[in-house]
Amino acid sequence: MTKSPVIAAIDAGCGFTKFSKLRPGQHADIEVFPSLTDIVFHDSRCSRLRAPRRNALIPFGTHLVEVGPDIEAALGDAIYHSQAEGFAATDDYRACVAGALAFIEEPFIDMLVLTVPMRERDALEPQIRDWLSRPLHTAANASVTVARVEVLAQAAASAIEWFDSPELDETQVSLVLVAGFGSLDWALYRGRDLEPLAGGTEYHGVANLLRTVDDRIGQGAPSGDVRLDAVDQALRHGKSLRACGQLHDLQLHWPWIHGRARRMLGGIAQALIELPTPQTVWLAGGGAAYFLQAAEGLFHRQAVHVAAEPMHACVRGMCLYGKRRLMAELDALRA
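Let me begin by describing the structure that accompanies this report. (Residues numbered from 1 in each chain as written. Predicted model: local features only at pLDDT ≥ 70, side-chain atom pairs only at ≥ 80, totals over all residues. Heavy atoms only, no water.)

Its 13 residues give helix 5 (residues 206–218) an end-to-end C-alpha distance of 18 Å, which sits within 8% of 18 Å, the value for a rise of 1.5 Å per residue. Within helix 5, burial applies to V206, A207, L209, L210, V213, D214, I217 and G218. The buried residues of helix 5 all sit within an arc of 160° when viewed along its axis, so they share a single face. (Helix = DSSP H or I, 4+ residues; strand = E, 2+ residues; numbered from the N terminus. Expected span 1.5 Å × (residues − 1). Buried < 20%, exposed > 50% of the residue type's maximum accessible area, 1.4 Å probe, protein only. Arc of directions from axis to C-beta.)

Below, the structure written as C-alpha cells:
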C-alpha cells in the first residue's frame, strides 16, 4: 500500500524551535524545544543520552551537536545568549532544524516548510535549499531526504490561518505582527492571497524586555537565556521570582514593559504612514501577550486580533501551506 505523503513544518527561532509532522487526514501535534545547542567532541555519550535526556545528537563535521527538550540539563549553569539577527544563517539554526527532523523520525519528507525572518528570506532561501538538496544526517547512522523545501517569512506563515477567516474580503488590508523571542516580524498584506505591500524585521523581540527585567532584579549578576524562561513565566502568571536572595514582585515591571513595547512597535507604525491604512491587525508569536496593549494603543482605530495559542500560529500556517501546495501538485499530476 502506498504511504501518504509526509509534510514537515519547522519554525526554528532563536528562542524556541517549534515543529510538526502532518499526513493528510491526520491531526498534527506541535512539539517545542529550546533553540539551544551543546557541542560534543566525541560520541561516548550516545548510548546513554536518551536516558535521562530526551535530546538528539546531530553530526556536524568532526563533532556532534546536542539539541532537544532537555538541552538545559546539558548546558548546566552555562551563561548562554542566543543571537537574534542572523540566527537563521548559523550552524545553531541548522542544528535545530536537523534536531526537529530527528524527532519527526521520517526517512523521507515530501515537503518541508521552514520559516526565517522577513528581512532575511531572500538571501537565505537559496542557501537553505542548497543545504537540504542532499540527505541530511540526523544521527550517527540515520539520515533524512527532503524532496521539496519551501521557505516562508515568519509573518507570511503566521498570517495564513487569519487569511482563511470569512471576515476578510479581497480588498481588506491587514497588518501582521509576529512577536518572537528575538525579533518582531511584520508585514502589510492586501486580501486573502497575501499580496505584500510592505514588511520587515525589527531585531528587538521579547528577549530584550525579559533581559531588562532580569537585569533590574539581578542587580548586575550574569544571566543567560535559560534564566529568562523563569522571568517570562513569573510575569505571565503573576508570580514573584527570587533573585539575589530576595523575592521580587515582577508585576511592578508591567508598566515599563508596556511603554517599551509601544516604543518598539512605534517604528513599525511610522513605516506605515505612507502606505494603505490597515483595517485589521493580526498578532501572533510567543511574545504576543507583551505587545497586545501596545498594539491596541497604537492601532486603536483598527480591530486587533490575537491568534489562538499565538506561539504555534506560525507552525499551523506552515502545515496549511504545505498541505495545500502538495495537494495541488498531486491533483495536477492526476489531471
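A separate point is the sheet that holds strand 2 (residues 16–22). Pairing in this open sheet of 5 strands is mixed, and the strands run 3-2-1-8-11 from one edge to the other. The sheet is open, and its two edges are formed by strand 3 (30–34) and strand 11 (149–153), each paired on a single side. Averaged over neighbouring strand pairs, the angle between their axes works out to 20° when direction is ignored. As paired strands, strand 1 (residues 7–12) and strand 8 (residues 111–116) are joined by 4 bridges and run parallel to one another. Note on strand 8: the bridge partner recorded for I10 is L114. Its contacts with the sheet place helix 3 (residues 121–131) against strand 8 and strand 11, and it is angled at close to 160° to strand 11. (Pairing = 2+ DSSP bridges. Axes fitted to C-alpha atoms, helices over the stretch in contact; angles between N-to-C directions. Contact = heavy atoms within 4.5 Å.)

Time to look at the packing of aromatic side chains. By the definition in use, this model includes 7 aromatic pairs. Relative to F103, the ring of F19 has its centre 6.3 Å away and its plane inclined at 20°; by these criteria the two rings are stacked. Of the two residues, F19 is situated in strand 2 and F103 in helix 2 (residues 91–104); the sequence distance between them amounts to 84 residues. Judged on exposure class, the residue F19 and its partner F103 are both buried. Measuring from centroid to centroid gives 5.1 Å for W162 and W282, while their planes differ by 10°, and the two rings are stacked. Of this pair, W162 sits in the loop between helix 4 (154–159) and strand 12 (173–179) while W282 is found in strand 17 (residues 280–284), placing the two residues 120 residues apart along the sequence. Owing to a relative accessible area of 4%, W162 belongs among the buried residues under this scheme. The class for W282 is buried, based on a relative accessible area of 7%. Counting every residue linked through ring pairs, the aromatic cluster contains F19, F33 and F103. (Phe/Tyr/Trp six-rings, centres within 6.5 Å; stacked < 30°, edge-to-face > 60°.)

We now examine the pairing of strand 10 (residues 142–146). Pairing of strand 7 (residues 108–109) with strand 10 involves 2 bridges; the strand directions are parallel. Paired with F108 across the bridge in strand 10 is T145. In this sheet, strand 10 lies alongside strand 9 (residues 136–139) in antiparallel orientation, the contact comprising 3 bridges. Note that in strand 10 the partner of L136 across the bridge is V144.

The backbone of E105 shows a phi angle near 60°, a positive value even though the residue is not glycine. Along the chain, the position of E105 falls in the loop between helix 2 and strand 7. By relative accessible area, which is 62% here, E105 ends up exposed. In the Ramachandran plot, E309 falls in the positive-phi region, its phi being about 45° despite a non-glycine side chain. Here E309 lies in the loop between strand 18 (303–306) and helix 9 (313–334). Given the relative accessible area of 56%, E309 is considered exposed.

This part takes up the side chain of H253. Within the secondary structure layout, H253 lies in the loop between strand 16 (246–249) and helix 7 (254–271). Given the relative accessible area of 12%, H253 is considered buried. Sequence-distant contacts of H253, that is, excluding residues within four places in its chain, are made with V213, R216 and I217.

Before going further, it helps to spend a moment on the sheet that holds strand 12. The strand order across the open sheet built from 5 strands is 14-13-12-17-18, with neighbouring strands paired in mixed fashion. The open sheet has two edge strands with one neighbour each: strand 14 (195–202) and strand 18. Geometrically, the sheet is characterised by an average inter-axis angle of 15° between neighbouring strands, direction not taken into account. As paired strands, strand 12 and strand 13 (residues 184–190) are joined by 7 bridges and run antiparallel to one another. Residue pairing for strand 13: L177 is matched across the bridge by W186. Sitting on the sheet, helix 8 (residues 288–298) touches strand 12, strand 13, strand 17 and strand 18, and the angle it makes with strand 18 is about 175°.

All right, on to helix 8 then. Among the residues of helix 8, those classed as buried are A288, Y290, F291, A294 and A295. For helix 8, the arc enclosing every buried residue in end-on projection is 135°, short of the 170-degree limit, so these residues lie on one face.

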